[in-house]
Amino acid sequence: QVKVVESGGGLVQPGGSLRLSCAASGNIFSINVMAWYRQGPGKQRELVANIGSGGGTNYADSVKGRFTISRDNAKYTVYLQMNSLKAEDTAVYYCAADLRTYATTYNGRYWGQGTQVTVSS
């Protein structure tokens with residue numbers, strides 16, 4: 001009964017910007033960490049950034065200073081503002097939410113279906 005849905009991907013030129021959004025919905029009691037991962041062509045999925053319920057953040061070295069993660073706890077939504085995009089940022093971006101539902105007493109990880117980001121001229 002929990003859904004995690006990403007939006008905002010697309011095609012952008014090098015140096016451009018995109019903003020990804022991810023909304024969790026359903027029988028949610030609380031959300032702990034929300035995160036963005038990505039998987040480029042022929043690569044393993046990697047952590048891009050995460051944010052705790054109190055706002056603490058972590059970033060991959062490759063995106064520090066260019067990407068900003070934020071969240072709206074009231075809307076169960078996390079955002080990823082991506083600036084100064086490079087060709088190597090091309091990937092499918094996945095949202096993950098560590099959350100507890102009203103039916104459980106523990107956190108489970110829920111994934112979105114992914115959104116494609118392509119950086120190309």
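Structural notes, computed from the coordinates. (Residues numbered from 1 in each chain as written. Predicted model: local features only at pLDDT ≥ 70, side-chain atom pairs only at ≥ 80, totals over all residues. Heavy atoms only, no water.)

Observations regarding the state of the cysteines
Then step 1. If you walk through the whole model with that rule in mind, you get one disulfide.
Then step 2. The disulfide partner of C22 is C95, and the S-S distance across this bridge is 2.0 Å. Where C22 bonds to C95 through sulfur, the torsion about that S-S bond is close to -80°, and the disulfide is left-handed. With C22 in strand β3 (residues 18-25) and C95 in strand β9 (residues 91-101), the pair connects residues that are 73 residues apart, well separated along the chain. (Disulfide = S-S within 2.5 Å. Helix = DSSP H or I, 4+ residues; strand = E, 2+ residues; numbered from the N terminus.)

Some details on the pairing of strand β10 (residues 108-111)
Then step 1. Of the strand pairs in this sheet, β9 and β10 are connected by four bridges, and their pairing is antiparallel. Its bridge partner lying in β10, L99 is registered against G108.
Then step 2. Between β9 and β10, which pair antiparallel in sequence order, lie six residues. (Pairing = 2+ DSSP bridges.)

Some thoughts on the pattern of salt bridges
Then step 1. Summed over all chains, the structure comprises five salt bridges.
Then step 2. Between E46 and R38 there is a salt bridge; the shortest N-O distance is 2.7 Å.
Then step 3. Judged by its relative accessible area of 35%, E46 falls in the partly exposed class.
Then step 4. Given a relative accessible area of 6%, R38 falls into the buried group.
Then step 5. Between D89 and R38 there is a salt bridge whose closest N-O contact spans 2.9 Å. Separated by 51 residues along the polypeptide, D89 in the loop between β8 (77-82) and β9 and R38 in strand β4 (residues 28-39) bring together distant segments of the chain.
Then step 6. Owing to a relative accessible area of 1%, D89 belongs among the buried residues under this scheme. (Salt bridge = Lys/Arg side-chain N within 4 Å of Asp/Glu carboxyl O. Buried < 20%, exposed > 50% of the residue type's maximum accessible area, 1.4 Å probe, protein only.)

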